[in-house]
Protein chains: 2
Amino acid sequence: MADEQRSYLMAYDINDDVRRSHVAKILQSHGERLQYSVFLLRIRPSKLLKIKASVEDEIDSDTDSILICDLGINDHAERSMLFLGKRSYRDTMIPTII
Amino acid sequence: MADEQRSYLMAYDINDDVRRSHVAKILQSHGERLQYSVFLLRIRPSKLLKIKASVEDEIDSDTDSILICDLGINDHAERSMLFLGKRSYRDTMIPTII
């Protein structure tokens, strides 16, 4: 089960508009945009390695910051996340507390 | 061990400058700013309830979005996070991949 699908939260701080839109496109093509700079990717670890490499090619490692958070297998991940207020972008299975 | 200290990642999308700075102040006073809109709080679940209530008082739940991610007990949390590129704001114990 080493390459079982897991949920990864990815967030970025990228100053440059062009780099930011490139990274957003990569993350959005493999996952779900939860907030402006926060994405949820439900992928296999092997896929994460490829995405990490693509993102590393785009960023300026002196100024840009990418945080990757392994939330575990999908069921566990869903239970570990909740939203207050609006759930941006698109509805997901994540419970919302109004 | 029900109220054992855990690590929570909190991220926000808040349009209004005043609301945003109020929420940032709350989160920063209880945790560590990892990125512009992402914070790591190492707190007890009982404390999280109070912080949630304070944040809910500040936000406009129609437009603002707060994501709370329970990363588990601190040791587990440290292992589940990594940075690509710059680690914004202040160094933490989280490993960095250059």
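Residues numbered from 1 in each chain as written. Chains lettered and ligands numbered in written order. Predicted model: local features only at pLDDT ≥ 70, side-chain atom pairs only at ≥ 80, totals over all residues. Heavy atoms only, no water.

Quick look at the packing of helix H1 (residues 17–30) of chain A against helix H2 (residues 45–58) of chain A
Two packed helices can be described by the angle between their axes and the distance between those axes. All names here are of chain A. Closest axis-to-axis distance for the H1/H2 pair is 9 Å, and the angle between their directions is 170 degrees. When the axis of H1 is compared with that of H2, the two are roughly antiparallel. For the pair H1 and H2, the contacting residues are Arg19, His22, Val23, Ile26, Leu27 and His30 in the first and Lys47, Ile51, Ser54, Val55 and Glu58 in the second. Residues of the contact of H1 with H2, tallied by class, amount to five nonpolar, three polar and three charged. (Axes fitted to C-alpha atoms, helices over the stretch in contact; angles between N-to-C directions. Helix = DSSP H or I, 4+ residues; strand = E, 2+ residues; numbered from the N terminus. Parallel < 35°, antiparallel > 145°, perpendicular 65-115°, else oblique. Contact = heavy atoms within 4.5 Å. Nonpolar A, V, L, I, M, F, W, Y, C, P; charged D, E, K, R; others polar.)

A short note on the packing of aromatic side chains
Residue and element names in this part refer to chain A. One pass over the full model with this rule turns up two aromatic pairs over all chains. When the ring of Tyr12 is compared with that of Phe39, the centres are 5.8 Å apart and the planes differ by 40 degrees; the resulting orientation is tilted. Pair noted here: Tyr12 is in strand E1 (residues 6–13) and Phe39 is in strand E3 (residues 38–43), with a separation of 27 residues, a long-range link. Each member of the pair, Tyr12 together with Phe39, is buried. Directly above the aromatic system of Tyr36 lies the positively charged group of Arg33, at a separation of 5.3 Å from the ring centroid. (Phe/Tyr/Trp six-rings, centres within 6.5 Å; stacked < 30°, edge-to-face > 60°. Buried < 20%, exposed > 50% of the residue type's maximum accessible area, 1.4 Å probe, protein only. Lys NZ or Arg CZ within 6 Å of the ring centre and 35° of its normal.)

Structural notes on the relation of the copies chain B and chain A
Mapping chain B onto chain A calls for a screw motion: a turn of 180 degrees about the axis and a shift of 0.0 Å along it, with 0.0 Å RMSD after fitting. Both chain copies can therefore be described as sitting about a two-fold axis. When C-alpha positions in chain B are compared against the rotation axis, the closest is assigned to Leu71 of chain B, at 3.5 Å. Of the interface residues in chain B, 100% have counterparts in chain A that sit at the interface too, so the contact is made through matching surfaces. (Least-squares fit on C-alpha atoms with pLDDT ≥ 70 in both.)

Let's talk about the UniProt feature "binding site: Mg(2+)" (unreviewed entry) in chain A
Here the UniProt feature "binding site: Mg(2+)" (unreviewed entry) sits at Asp13 of chain A. Relative to the helices and strands, Asp13 of chain A resides in strand E1. (UniProt positions renumbered as here; feature names shortened; annotations may be inferred.)

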